[in-house]
Amino acid sequence: KAGVTQTPRYLIKTRGQQVTLSCSPISGHRSVSWYQQTPGQGLQFLFEYFSETQRNKGNFPGRFSGRQFSNSRSEMNVSTLELGDSALYLCASSFGETGGYTFGSGTRLTVV
Amino acid sequence: DAKTTQPTSMDCAEGRAANLPCNHSTISGNEYVYWYRQIHSQGPQYIIHGLKNNETNEMASLIITEDRKSSTLILPHATLRDTAVYYCIVRVATGAGGTSYGKLTFGQGTILTVHP
């Protein structure tokens, strides 16, 4: 069974630009979450989608947004990039009604 | 979600059992205990979870105290590849239609170093 697939793996953008990251969950997983990981703040929850609806949202500015499609694939978008947005962005999909999450390998975003 | 407290770092000899403690003294009755680990530059890996009974799978065992205020993750025969940051997370598991949802709140975790 294929795992959680995130594309691209690496990305370099310039301040002020916008970026879109993609996540394909494991087949049959309907919940997709996004996390940001930085050395200073650790792993922080961005948002979660379930059945195309945003169910939870972390404490991030409105520049961070996401969506989920009918096939459960998800995208997150960051507009007006700042240097501090440089991070590893991780996507996870959940299994079972009390189950855990399977994480992808992440997208490493560098803002210059 | 209840907060958790873990030691910052631990060492273990290869082949020995690694016992990683976690304190969650404010846990609620409907909150599960989850363990994840993260090997450098990879996404976190799910290990095990439980509500109140001890759990075992191919990777580890989870021992939850009777009052549920603390738990221990046991890696029975640690290898060098088990060197990672281990996170203990407590959360309410909300589910529907075969899927759960609800954020994971990661703390700083325990850096486990397995020595030859």
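In what follows, the structure referred to is the one given above.
Everything numeric here is computed off the predicted structure, so don't read it as measured data.

J.: Please provide a residue-by-residue account of the sheet that holds strand β6 (residues 61-64) of chain B, values included.
T.: Residues and elements named next belong to chain B. Taking strand neighbours across the sheet as the criterion, the four strands line up as β2-β7-β6-β5 in an open arrangement whose pairing is antiparallel. Each having just a single partner strand, β2 (18-23) and β5 (55-56) make up the two edges of the open sheet. Here β5 runs beside β6; their pairing, made up of two bridges, is antiparallel. Residue pairing across strands places T56 opposite S61, the latter belonging to β6.

J.: Could you give an account of the environment of Q18(A), with specific residues and numbers?
T.: Residues and elements named next belong to chain A. With respect to the secondary-structure elements, Q18 resides in the loop between β2 (10-13) and β3 (19-24). Along the primary structure Q18 and E48 are separated by 30 residues, whereas in three dimensions their C-alpha atoms are 20 Å apart. When neighbours within four sequence positions are excluded, Q18 is seen to be in contact with K13, N77, V78, S79, T80 and L81. Looking at Q18, its side chain comes within polar contact range of the side chain of N77, at 2.5 Å.

J.: Describe the environment of W34(A), naming the residues involved and giving the relevant values.
T.: Relative to the assigned elements, W34(A) resides in strand β4 (residues 31-38). Along the primary structure W34(A) and M76(A) are separated by 42 residues, whereas in three dimensions their C-alpha atoms are 8.0 Å apart.

J.: An account of the pattern of salt bridges is requested, with residue identities and associated values reported.
T.: All names here are of chain A. Considering all chains together, one arrives at five salt bridges over all chains under this definition. For the salt bridge of E75 with R67, the shortest nitrogen-to-oxygen distance reads 3.3 Å. Residue classification places E75 among the buried residues on the basis of a relative accessible area of 16%. With its nearest N and O atoms 3.4 Å apart, the salt bridge here joins R73 to E75. What makes R73 partly exposed here is its relative accessible area of 23%. A single network of salt bridges, built from pairs that share partners, joins R63, E82 and D85.

Rules behind the numbers
Residues numbered from 1 in each chain as written. Chains lettered and ligands numbered in written order. Predicted model: local features only at pLDDT ≥ 70, side-chain atom pairs only at ≥ 80, totals over all residues. Heavy atoms only, no water. Pairing = 2+ DSSP bridges. Helix = DSSP H or I, 4+ residues; strand = E, 2+ residues; numbered from the N terminus. Contact = heavy atoms within 4.5 Å. Polar contact = N/O pair within 3.5 Å; in protein donor to acceptor, adjacent residues only side chain to side chain. Salt bridge = Lys/Arg side-chain N within 4 Å of Asp/Glu carboxyl O. Buried < 20%, exposed > 50% of the residue type's maximum accessible area, 1.4 Å probe, protein only.

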